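# Breakdown of the fold
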Amino acid sequence: MAEGSEGGEPGCEPGSEPGSEQGCEHYRRGCRLRAPCCGKLYPCRLCHDGAEQHQLDRFRVSEVQCSRCRLLQKAQQRCEGCDNLFGEYYCDICHLFDRDKKQYHCEECGICRIGPKEDFFHCSKCNLCLSLSLQGKHKCIENVSRQDCPICLEDIHTSRVGAHVLPCGHLLHRTCYDEMLKEGYRCPLCMHSALDMTRYWRQLDNEVAQTPMPTEYQNMMVEILCNDCNARSTVQFHLLGMKCQSCESYNTAQDGRCRLSLEEQ
């Protein structure tokens, strides 16, 4: 299955260079941000947002405090007082300080992404950086990255959790996708199969053939709608599943508008 970029800001590397604080659970950095909204000092915007009733605007950060000498100064990569390195990676747009993880700032996304940059491209329609392996091979949905994850209902575009692109084009957090597969195989938004089910469908063919239906159901025909190709079919009813006549998927739903016996056809 194809996967998207790492999403939002890179994350979680506790620890910092000798002589400075470790930063926080989210980032490895040698300074604290002075929140432009409330004037308080926090290791990062995530720590701020977790403690306050409002969100820190990363783009408006203009001051930082050195974790080594405590000097309050303009946002920059090194301390002007003791030369402490605030972050191996520093973006003067997002004011992101962190250990070097090949990050890069994407102008189109408007935020920093985990790289390396040459391994990703920005899809202008999806409005998201995606792996080069997906270029020309994924279904585009306009501004899909600006939608919340349908599993956890949290933001995808700026999340530190990577995005997973489903065959239907919808996005889930990669961790949410893994959890979803423990319970089912369908996109929670459009019900399209979230992975290649061909092998399982052929196994189901054998099970259907070997499982006779009770007499009262043997001649019943029903109309179905396929969640994978959107085609409608009239097929013989079976408790194990009903196969789409167009794409041979069992990811179907009974329409309920047609219940005819074979004798009435």
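Please read all numbers here as calculations on a predicted model, not as lab measurements. Sequence order sets the numbering: in each chain, residues are counted from 1 along the sequence as written. Thresholds applied to this predicted model are a pLDDT of at least 70 for local features of residues and 80 or more for the giving and counting of side-chain atom pairs; totals over whole chains, interfaces and linings are not thresholded and use all residues. The side-chain figures draw on all heavy atoms in the structure; neither hydrogens nor water molecules are used.

## A word on the overall build of the protein chain
- The helix and strand tally for the protein chain stands at three helices and 15 strands.
- Counting only residues that meet the buried cut, the protein chain has 46% of its 265 residues in that class.
- Between two residues, a contact is recorded if the distance between any of their heavy atoms is within 4.5 Å. Residue pairs in contact within the protein chain that sit at least 24 positions apart in sequence constitute 42% of those at least 6 positions apart.
- To be clear on the numbers: accessible area is Shrake-Rupley with a 1.4 Å probe, and residue cover counts the displayed protein chains and nothing else. When the accessible surface of the protein chain is summed, it comes to about 13900 Å², and 45% of that surface belongs to carbon and sulfur atoms. In this description a helix means any DSSP run of H or I spanning at least four residues, a strand means any run of E spanning at least two, and both kinds are numbered starting from the N terminus. The buried label applies to any residue whose accessible area, calculated with a 1.4 Å probe on protein chains only, is under 20% of its type's maximum; exposed applies above 50%, and partly exposed to all values in between.

## Overview of the pairing of strand E14 (residues 232-236)
- Paired strands are those between which DSSP finds at least two bridges. As paired strands, strand E13 (residues 220-226) and E14 are joined by five bridges and run antiparallel to one another. Bridge pairing in E14 links Met221 to Gln236.
- In this antiparallel pair of consecutive strands, E13 and E14, the connection spans five residues, and Asn230 shows a positive phi of 65°.

## Observations concerning the sheet that holds strand E4 (residues 72-74)
- In spatial order, the strands read E2-E1-E3-E4; together these four strands make up an open sheet with antiparallel pairing. Both outer strands of the open sheet, strand E2 (41-42) and E4, are each paired with one neighbouring strand and no more.
- When strand E3 (residues 63-66) meets E4, the two strands line up antiparallel, connected through three bridges. Within E4, the residue paired with Glu63 across the bridge is Lys74.

## A closer look at the packing of aromatic side chains
- A pair of Phe, Tyr and Trp rings is counted when the ring centres sit within 6.5 Å of each other, with Trp represented by its six-membered ring. The angle between the planes then sorts it: under 30 degrees is stacked, over 60 is edge-to-face, the rest tilted. What the rule picks out here adds up to six aromatic pairs.
- The interplanar angle of 55° and the centroid separation of 5.6 Å between the aromatic rings of Tyr200 and Trp201 together place this pair among those described as tilted.
- Ring plane angle 50° and centroid distance 5.9 Å describe the contact between Trp201 and Tyr250, whose orientation is recorded as tilted. Here Trp201, found in helix H3 (residues 198-210), pairs with Tyr250, found in the loop between E14 and strand E15 (252-261); they are 49 residues apart in sequence, far enough to count as distant. Of the two residues, Trp201 and Tyr250, neither departs from the other in class, the shared state being buried.
- Through successive ring pairs, a cluster of aromatic residues spans Tyr185, Tyr200, Trp201 and Tyr250.

## A word on the environment of Phe237
- Along the chain, Phe237 turns up in the loop between E14 and E15.
- Remark: the alpha-carbon pair of Phe237 and Asn219, spanning 18 residues in sequence, is separated by 7.9 Å.
- In contact with Phe237, other than residues within four places in its own chain, are Met213, Tyr217, Met220, Met221, Val222, Met242 and Gln254.

## Quick look at the pattern of salt bridges
- Criterion for a salt bridge: a side-chain nitrogen of Lys or Arg within 4 Å of a carboxyl oxygen of Asp or Glu. The tally for this structure, following the rule as stated, stands at eight salt bridges.
- Residue Asp205 pairs with Arg202 through a salt bridge whose shortest N-O separation is 2.8 Å. Taken together, the residues span about one helical turn, with Asp205 and Arg202 both in helix H3 at a distance of three residues.
- Note on Arg202: relative accessible area 29%, which makes it partly exposed.

## Here's the deal with the confidence of the model for the protein chain
- How sure the predictor is of each residue is captured by pLDDT, a score from 0 to 100. Looking at the protein chain, the pLDDT average stands at 87 and 88% of residues meet or exceed 70.
- Across the protein chain, the element-wise mean pLDDT spans from 71 in E15 up to 97 in E4.

## Re the pairing of strand E1 (residues 31-34)
- Only one face of E1 is covered, namely the one carrying Cys31 and Leu33; the face carrying Arg32 and Arg34 has none of its residues buried.
- Direction of pairing for E1 relative to E2: antiparallel, over a ladder of two bridges. Across the sheet, Arg34 pairs through a bridge with Leu41, a residue of E2.

## Here's the deal with H3
- Here the expected length of a helix is defined as 1.5 Å per residue gap, with one fewer gap than residues. The terminal C-alpha atoms of H3, which comprises 13 residues, lie 19 Å apart, in line with the 18 Å expected from a rise of 1.5 Å per residue.
- Within H3, burial applies to Trp201, Leu204 and Val208. Relative to the axis of H3, the buried residues are bounded by an arc of 55° and lie together on one face. When the buried face of H3 is taken as reference, the exposed residues oriented beyond 90 degrees from it are Arg199, Ala209 and Gln210. The arc in question is the one spanned by the directions pointing from the helix axis to the C-beta atoms.

## What to know about the nonpolar core
- Judged by nonpolar contacts, the single largest core of 21 residues is most densely connected at Leu130, Leu166, Leu171, Leu172 and Tyr177.
- Elements with a minimum of two residues in this core: strand E9 (120-123), strand E10 (128-131), strand E11 (163-165), strand E12 (171-173) and helix H2 (174-180).
- For this core, the element with the most residues is H2, which contributes three residues.
- Here, nonpolar core refers to any group of buried Ala, Val, Leu, Ile, Met, Phe, Trp, Tyr and Cys residues whose side-chain atoms link them within 4.5 Å. Listed in part, the 16 residues of the second largest apolar core include Cys24, Cys106, Cys112 and Phe120.

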